[in-house]
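As a plain string of letters, each chain reads:
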Amino acid sequence: MQRIRLRYTKRGRLRFTSHRDFQRAFERALRRAEVPMAYSAGFTPHPKVSYANAAPTGTGSEAEYLEIALTAHRDPRQLGELLDESLPAGLDIVDAVEARTSGLADRLTASIWELRLEGVELAEAERAVTAFLAAETVEVARRTKNGLRTFDTRGAVVSLEALPAAADRPLDNACAILRLVVRHVTPAVRPDDVLSGLRAVADLAPPVPAAVTRLAQGLFDEESGTVTDPLAPDRDADTAAPPTAAVTADAKAPEGPA
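Here we summarise the structure given alongside this text.

Rules used in this analysis
Residues numbered from 1 in each chain as written. Predicted model: local features only at pLDDT ≥ 70, side-chain atom pairs only at ≥ 80, totals over all residues. Heavy atoms only, no water. Helix = DSSP H or I, 4+ residues; strand = E, 2+ residues; numbered from the N terminus. Buried < 20%, exposed > 50% of the residue type's maximum accessible area, 1.4 Å probe, protein only. Areas by Shrake-Rupley, 256 points an atom, 1.4 Å probe, with all protein chains shown as cover. Lys, Arg positive; Asp, Glu negative; His and termini not counted. Charge placed at Lys NZ, Arg CZ, Asp CG, Glu CD. Core = buried A, V, L, I, M, F, W, Y, C linked by side-chain atoms within 4.5 Å. Phe/Tyr/Trp six-rings, centres within 6.5 Å; stacked < 30°, edge-to-face > 60°. Salt bridge = Lys/Arg side-chain N within 4 Å of Asp/Glu carboxyl O. Arc of directions from axis to C-beta. Contact = heavy atoms within 4.5 Å. Polar contact = N/O pair within 3.5 Å; in protein donor to acceptor, adjacent residues only side chain to side chain. Pairing = 2+ DSSP bridges. Axes fitted to C-alpha atoms, helices over the stretch in contact; angles between N-to-C directions. Parallel < 35°, antiparallel > 145°, perpendicular 65-115°, else oblique. Nonpolar A, V, L, I, M, F, W, Y, C, P; charged D, E, K, R; others polar.

## Re the overall build of the protein
And then number 1: When helices and strands are tallied, the protein shows six helices and twelve strands.
And then number 2: Based on the C-alpha atoms only, the size of the protein along its principal axes is roughly 80 × 40 × 40 Å.
And then number 3: Expressed as a percentage of the 258 residues in the protein, the buried residues total 40%.
And then number 4: Per element, the accessible surface of the protein, about 14,300 Å² overall, is 51% carbon and sulfur.
And then number 5: Here the protein carries 32 positive and 37 negative side-chain charges, and the mean point of each set is 7 Å from the other.

## Comments concerning the nonpolar core
Soluble globular proteins tend to pack their nonpolar side chains together in the buried interior.
And then number 1: Membership of the largest hydrophobic core comes to 27 residues, with the highest contact counts inside it found for Leu115, Leu160, Leu178 and Leu198.
And then number 2: Leu6, Ala29, Ala33 and Leu87 belong to the second-largest nonpolar core, a separate cluster that totals 21 residues.

## Concerning the packing of aromatic side chains
A ring pair, where both rings are aromatic, is described by two values, the distance of the centres and the angle of the planes.
And then number 1: Scanning all chains against the criterion turns up three aromatic pairs.
And then number 2: Seen in terms of ring centroids, phenylalanine 22 and tyrosine 51 are 6.2 Å apart; in terms of plane orientation they differ by 80°. Their pairing is edge-to-face. Here phenylalanine 22 is found in helix H1 (residues 19-32), whereas its partner tyrosine 51 is found in strand E2 (residues 49-52), with 29 residues between them in sequence.
And then number 3: Accessibility expressed as a relative area gives 3% for phenylalanine 22, which makes it buried.
And then number 4: An aromatic cluster of three or more residues is present, and its members are Tyr8, Phe22, Phe26 and Tyr51.

## Some remarks on the environment of alanine 211
And then number 1: Positionally, alanine 211 belongs in strand E10 (residues 211-218).
And then number 2: For the pair alanine 211 and leucine 115, spaced 96 residues apart in sequence, the C-alpha to C-alpha distance is 5.7 Å.

## Some words on the pattern of salt bridges
And then number 1: Applying the stated rule across the entire model yields 18 salt bridges.
And then number 2: One salt bridge connects arginine 179 with glutamate 114, and the closest N-O pair in it is separated by 2.9 Å. Separated by 65 residues along the polypeptide, arginine 179 in strand E9 (residues 175-183) and glutamate 114 in strand E5 (residues 110-118) bring together distant segments of the chain.
And then number 3: Three or more residues are tied together by salt bridges with common partners; here these are Arg3, Arg5, Glu67, Arg107 and Asp234.

## With respect to helix H2 (residues 76-86)
And then number 1: Regarding H2, the residues found buried are Pro76, Leu79, Gly80, Leu83 and Ser86. Viewed end-on, H2 has its buried residues packed into an arc of 125°, placing them on one side of the element. Opposite the packed face of H2, turned more than 90 degrees from it, sit the exposed residues Arg77 and Glu85.
And then number 2: Looking at the packing, one finds that the buried side of H2 touches strand E1 (2-10), H1, strand E3 (60-70) and strand E4 (93-98).
And then number 3: Two or three places before arginine 77, at the opening of H2, aspartate 75 has a side-chain oxygen 3.2 Å from that residue's backbone nitrogen.

## Re the pairing of strand E6 (residues 139-144)
And then number 1: Two elements, E6 and strand E7 (residues 147-152), share six bridges in a ladder whose sense is antiparallel. Along E7, the bridge assignment pairs valine 140 with phenylalanine 151.

## Topic: the side chain of aspartate 92
And then number 1: On the secondary structure map, aspartate 92 appears in the loop between H2 and E4.
And then number 2: Aspartate 92 gets classed as buried once you look at its relative accessible area, which sits at 16%.
And then number 3: Separated by 3.1 Å, the side chains of aspartate 92 and arginine 11 make a polar contact.
And then number 4: The contacts of aspartate 92, once residues within four sequence positions are left out, are Arg7, Tyr8, Thr9, Arg11 and Asp84.

## Comments concerning the packing of helix H3 (residues 122-134) against helix H4 (residues 191-202)
And then number 1: For the pair H3 and H4, the least separation of the axes is 9 Å and the interaxial angle reads 90°. Accordingly, the angle class assigned to the pair H3 and H4 is roughly perpendicular. Contact residues: H3 offers Arg127, Ala128, Val129, Ala131 and Phe132, while H4 offers Val194, Gly197, Leu198, Val201 and Ala202.
And then number 2: Class assignment of the residues belonging to the contact of H3 with H4 gives a composition of eight nonpolar, one polar and one charged.

Limitation: the analysis is restricted to geometry and does not speak to function.
Here it is as structure tokens:
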């Protein structure tokens with residue numbers, strides 16, 4: 001059984017696609033691309049697809065990950081291209097590697113998020129960021145299926161900065177960008193929780209909902225303070241790995257009579 005790991009995006013209007021909607025669209029893409037999927041056992045077999053830490057509905061993402069299991073060997077790059085052609089624009093397969101290491105989910109320990117705050121002056125955003133980072137704890141409340149839950153958002157935020165919007169924007173339309181690195185903790189701290197924290201410590205309240213995009217997710221490197229590519233270990237292992245059994249067998253096959 002071959003395992004392929006894919007990185008995909010949620011862009012534009014497709015950011016409002018729920019995780020269940022994406023699952024349905026992806027399974028249709030698997031059928032259109034005639035991918036030789038492995039299936040689970042039991043009375044209702046389903047394709048063996050493992051999804052890792054999906055972004056909340058309504059947020060865009062450049063770095064979502066999943067893993068599929070195949071019953072026949074396929075080239076990861078070609079498979080990724082076939083699946084990309086079978087998915088709607090906005091749900092795009094941007095990377096594909098053969099899984100040669102274990103623990104993809106264990107390598108997703110932090111995310112880099114970008115929050116676009118329309119109608120917020122940069123100076124106002126900077127003031128709120130300073131207040132947030134200066135606090136030891138910033139508690140917010142979120143309603144869950146088990147009721148209202150209060151938790152600290154400050155401890156999960158590794159870094160937070162306010163940046164100006166693109167220089168080509170109209171001067172009369174204020175907009176600030178927040179860039180933050182958030183650890184994946186329990187309970188999960190989402191970008192909207194950080195916004196709630198900024199409102200609590202500095203009364204920052206954007207007039208319109210923030211446009212939220214996950215730029216990257218992966219293993220947080222304590223030494224450099226960066227989020228690393230979770231597929232890099234598979235690429236490194238693939239480079240060092242010997243040829244697959246199928247390729248080796250073809251290379252050793254005797255030539256037929258002339």
